[in-house]
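As a plain string of letters, each chain reads:
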Amino acid sequence: MAKKQQHPIFSFRKLTVAFLKTQKKREYLVEKLQRRLEIAEKEAEKAEDPAVKAEWTRIIGFLAQTLNTLLRSYDVTKFNEDLQQLKRLVEMAKEEHERLNQWQAELEARERALRIKEEELNRKLEALSKQQPPG
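Treat the numbers as computed from the prediction; the structure is a model and nothing was measured.

## Remarks on the overall build of the protein
- Along its length, the protein carries 2 helices and 0 strands.
- Within the protein, the fraction of its 135 residues that count as buried is 10%.
- Accessible surface, the protein: about 12500 Å² in total, of which carbon and sulfur atoms supply 59%.

As structure tokens, then:
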């Protein structure tokens, strides 16, 4: 009997898709509210009756407040995205720094080994030059 494949309850793919849908809906709502706000402002300007003008002003306040809330939540979401990206960049920089430190340590070790060999060769050359008869 074949095992039934279980789907994970949580997946980053589903979360990402849901997040992108939410962002698109939020952008759509912001555009729609901005259009409604413009209409309400025009209507308020045209209104001659103080009661009608007051009603349009109340609607403008409500639309502006709702728009502000949507934009603030969008800003927080964007901030969190940017923060996550910054954390990834810092982690990459740390890894690169560590790799560079390793390379520097290897280079310094090779330089020390070369200096030791150079000193040894100089001693041998000096010893050979002392063994050669002058002339």
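Picking up where we left off.
## A word on the environment of Thr-57
- Mapped onto the elements, Thr-57 comes out in helix α2 (residues 50-131).
- Sequence spacing of Thr-57 and Ala-40 is 17 residues, and the spatial spacing of their C-alpha atoms is 7.8 Å.

## Some words on the nonpolar core
- Residues Val-30, Leu-33, Leu-37, Ala-40, Ala-44, Ile-60, Leu-63, Leu-67 and Leu-70 constitute the largest nonpolar core, which totals 9 residues.
- For this core, the elements supplying multiple residues, two or more each, are α1 (12-46) and α2.
- Per-element accounting of this core gives the leading share, 5 residues, to α1.
- Those residues within four positions of Val-30 in sequence are excluded, and the remaining contacts are Leu-67, Leu-70 and Leu-71.

## Things to note about the pattern of salt bridges
- One pass over the full model with this rule turns up 5 salt bridges.
- Note that Glu-43 and Lys-46 form a salt bridge whose closest N and O atoms lie 3.2 Å from each other. Placement of the pair is Glu-43 and Lys-46 together in helix α1, with a separation of 3 residues, close to one helical turn.
- We classify Glu-43 as partly exposed; its relative accessible area is 28%.
- A salt bridge links Glu-96 to Arg-99, with the shortest nitrogen-to-oxygen separation between them at 2.4 Å. Taken together, the residues span about one helical turn, with Glu-96 and Arg-99 both in helix α2 at a distance of 3 residues.
- Judged by its relative accessible area of 37%, Arg-99 is partly exposed.

## Some details on the environment of Thr-22
- By the secondary structure assignment, Thr-22 is in helix α1.
- Judged by relative accessible area, which is 39%, Thr-22 ranks as partly exposed.
- Residues Thr-22 and Tyr-74, spaced 52 residues apart in sequence, show a C-alpha to C-alpha distance of 10.0 Å.

## What about a nonpolar patch on the surface?
- A contiguous nonpolar surface patch, about 350 Å² in accessible area, is contributed by Phe-79, Leu-83, Leu-86 and Val-90.
- Mapped onto the elements, Leu-83 comes out in helix α2.
- On the accessibility criterion, Leu-83 (31% relative accessible area) is partly exposed.

## Here we look at the side chain of Arg-26
- Inspection of the secondary structure assignment puts Arg-26 in helix α1.
- Despite its burial, Arg-26 pairs with no opposite charge, the nearest such side chain being Glu-81 at 7.5 Å.
- Apart from the residues within four sequence positions on either side, Arg-26 is in contact with Leu-70, Ser-73, Tyr-74 and Thr-77.

Definitions and limits used
- Residues numbered from 1 in each chain as written.
- Predicted model: local features only at pLDDT ≥ 70, side-chain atom pairs only at ≥ 80, totals over all residues.
- Heavy atoms only, no water.
- Helix = DSSP H or I, 4+ residues; strand = E, 2+ residues; numbered from the N terminus.
- Buried < 20%, exposed > 50% of the residue type's maximum accessible area, 1.4 Å probe, protein only.
- Areas by Shrake-Rupley, 256 points an atom, 1.4 Å probe, with all protein chains shown as cover.
- Core = buried A, V, L, I, M, F, W, Y, C linked by side-chain atoms within 4.5 Å.
- Contact = heavy atoms within 4.5 Å.
- Salt bridge = Lys/Arg side-chain N within 4 Å of Asp/Glu carboxyl O.
- Patch = residues over 30% accessible without salt bridge, like charges linked within 9 Å, V, L, I, M, F, W, Y side chains within 5 Å.
- Lys, Arg positive; Asp, Glu negative; His and termini not counted.

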